Amino acid sequence: MDGQMIDPMAWAYETVAAVYEAHRPSYPPSAVARIVHELGIGAGTTVADVGAGTGKFTRLLVPTAASIIAVEPVSAMRRELRRALPGVGVVGGVARALPLADTSLDALTVAQAFHWFADPETVSEFRRVLRPDRKLGLIWNRRDRSSPVWREIEAVIAPFRPERRGDWKTSLTDAGFDSLNRAVFEWEYRAEPARIRSRVASMSWIAQLSDDTRDGLLDDVQHIAMQYAADGLVDMTESTEVYWTRRL
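These numbers were taken from a predicted model, which means no experiment stands behind them. (Residues numbered from 1 in each chain as written. Predicted model: local features only at pLDDT ≥ 70, side-chain atom pairs only at ≥ 80, totals over all residues. Heavy atoms only, no water.)

## Topic: the overall build of the protein chain
We count it as follows: Elements are defined by DSSP. Helices are runs of H or I of four residues or more, strands are runs of E of two residues or more, and each kind is numbered from the N terminus. Radius of gyration: C-alpha atoms only; globule rule: 2.2 Å multiplied by the number of residues to the exponent 0.38. Throughout, exposure labels follow a simple rule: accessible area from a 1.4 Å probe, protein chains only, divided by the maximum for the residue type, with under 20% read as buried, over 50% as exposed, and the rest as partly exposed. Contact criterion: two residues are considered in contact whenever any of their non-hydrogen atoms come within 4.5 Å of each other. Where accessible areas are quoted, they stem from the Shrake-Rupley method and a 1.4 Å probe; at the residue level, only the protein chains shown are allowed to cover. His is not counted, nor are the chain ends, whereas Lys and Arg count as positive and Asp and Glu as negative. Where a charge lies is defined by one atom per residue type, namely NZ (Lys), CZ (Arg), CG (Asp) and CD (Glu).
Across its full length, the protein chain carries 10 helices and seven strands. Expected size for 248 residues packed as a compact globule is a radius of gyration near 18 Å; at 18 Å, the protein chain falls within 12% of this value. Dimensions along the principal axes, computed over C-alpha positions, put the protein chain at roughly 50 × 35 × 35 Å. A total of 248 residues make up the protein chain; the buried ones form 52% of that total. Restricting to contacts in the protein chain with at least 6 residues of sequence separation, those with at least 24 account for 77%. For the protein chain, the exposed area adds up to about 11100 Å²; of that, 50% sits on carbon and sulfur atoms. A gap of 4 Å separates the mean positions of the 30 positive and 33 negative side-chain charges of the protein chain.

Quick look at the structure:
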């Protein structure tokens, strides 16, 4: 596995994999059901979850009885994944050079990760491993930055955010995939201020900051969250975006 094929910032997950597993939210059942339905995932199908991380999304595919391959380049994330899902096949690999045979997949999913490798090389690789007319599904949890708590937290962490990549959508439609379909699922949950702090700590671009800068920033995040807590919990809102497209 070529380390040069991984965004350098992704290596920060080597230090926060356990925090990521413990404190990143899962995905709402309605969003998972939509991907499973649209991609035709079920018994007798083979699906790869690419950039699987600690298996937050991978584990939600297990009840489908599909044959699942989790692909993840960062070793600490793979360790957490194997611990959580001992019955799932896990391989070290990068999206731009998948350790999978040509036209070997009935479906390919990417959860919370496509922005890391949305480029022509990766899209061509996805097309290589998918069978014709089979589908790619993408999913992201999005913090509701219009909510007061996230709006204040975003104001604190935004100066440290790296520059965003270009439009990832064109990388798909320009390289042999059909037009994108999209669905959005809104949901709510409650979280302790310490968990909100840990969620921010699990972000790669926060994890790579110096200790003093990171600790001070996270203290500020927890302080903000505490101002919105009632009975020790903060009301949180989230949206989950689901995209799917067909290999032409």
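## Brief notes about the sheet that holds strand 1 (residues 46-50)
The condition that has to hold: Paired strands, in this sense, are two strands between which DSSP finds at least two bridges. In this analysis, axes come from line fits to C-alpha atoms, helices being fitted only over the stretch in contact, and the angle between any two N-to-C directions falls in the range 0 to 180 degrees.
Spatial strand order, 3-2-1-4-5-7-6: seven strands in an open sheet with mixed pairing. Sheet topology places strand 3 (89-91) and strand 6 (181-191) at the edges, where each strand pairs with a single neighbour. If you compare each strand with its neighbour and ignore which way they point, the axes differ by 20 degrees on average. Across 11 bridges, the pairing between strand 6 and strand 7 (residues 234-246) is antiparallel. Looking across to strand 7, one finds that N181 is bridged to W244.

## What about the pattern of salt bridges?
For clarity, the threshold we go by: Salt bridges are defined by distance alone: a side-chain nitrogen of Lys or Arg within 4 Å of a carboxyl oxygen of Asp or Glu.
Evaluated as defined, the whole model comprises 19 salt bridges. The partner of D106 in a salt bridge is R131, and the shortest N-O contact between them spans 2.7 Å. One end of the pair, D106, is in strand 4 (residues 105-111); the other, R131, is in strand 5 (residues 130-143), with 25 residues separating them in the sequence. Judged by relative accessible area, R131 falls into the partly exposed class, the value being 29%. In this structure, the salt-bridge partner of D235 is R190, at a minimum N-O distance of 2.9 Å. Taken as a pair, D235 in strand 7 and R190 in strand 6 lie far apart in primary sequence, 45 residues in all. The exposed category is assigned to D235, whose relative accessible area is 56%. R190 gets classed as partly exposed once you look at its relative accessible area, which sits at 40%.

## Here's the deal with the packing of helix 1 (residues 13-23) against helix 8 (residues 193-201)
As a reminder, the rule being used: By the definition adopted for this analysis, an angle is roughly parallel if under 35 degrees, roughly antiparallel if over 145, roughly perpendicular if from 65 to 115, and oblique otherwise. Handedness of each helix crossing follows the sense of rotation of the near helix against the far helix: counterclockwise by less than a right angle gives left-handed, clockwise gives right-handed. Asp, Glu, Lys and Arg are counted as charged, while Ala, Val, Leu, Ile, Met, Phe, Trp, Tyr, Cys and Pro are counted as nonpolar; the rest, among them Gly, fall into the polar class.
Between helix 1 and helix 8, whose axes approach to 9 Å, the crossing angle comes to 130 degrees. Considered as vectors, helix 1 and helix 8 are oriented oblique to each other. Here the hand of the crossing between helix 1 and helix 8 comes out left-handed. Here helix 1 contributes V16, V19, A22 and H23 to the contact with helix 8, which in turn contributes R195, S198, R199 and A201. Of the residues contributing to the contact of helix 1 with helix 8, the split by class is four nonpolar, two polar and two charged.

## Remarks on empty space enclosed by the protein
Operational definition: Cavity: a set of points on a 1 Å grid over the protein atoms alone where a 1.4 Å probe fits but cannot get out. Pocket: an open set with protein on both sides within 12 Å along at least five of seven lines, its lining residues, like those of a cavity, having an atom within 4 Å of a point. Grid points are joined across faces, edges and corners, and a volume is the space filled by probe spheres set on the points.
As enumerated under the stated definition, the model contains one cavity of 30 Å³ or more in all. Each pocket or cavity is described by its volume, and for the largest cavity that value is around 60 Å³. Together, H23, P25, W150, Y189, A191, R195, I196, R199 and M236 line the largest cavity. The set of elements that each furnish at least two residues to the lining of the largest cavity consists of strand 6 and helix 8. The greatest single-element share of the lining of the largest cavity, amounting to three residues, is contributed by helix 8. Considering only residue class, the lining of the largest cavity consists of six nonpolar, one polar and two charged.

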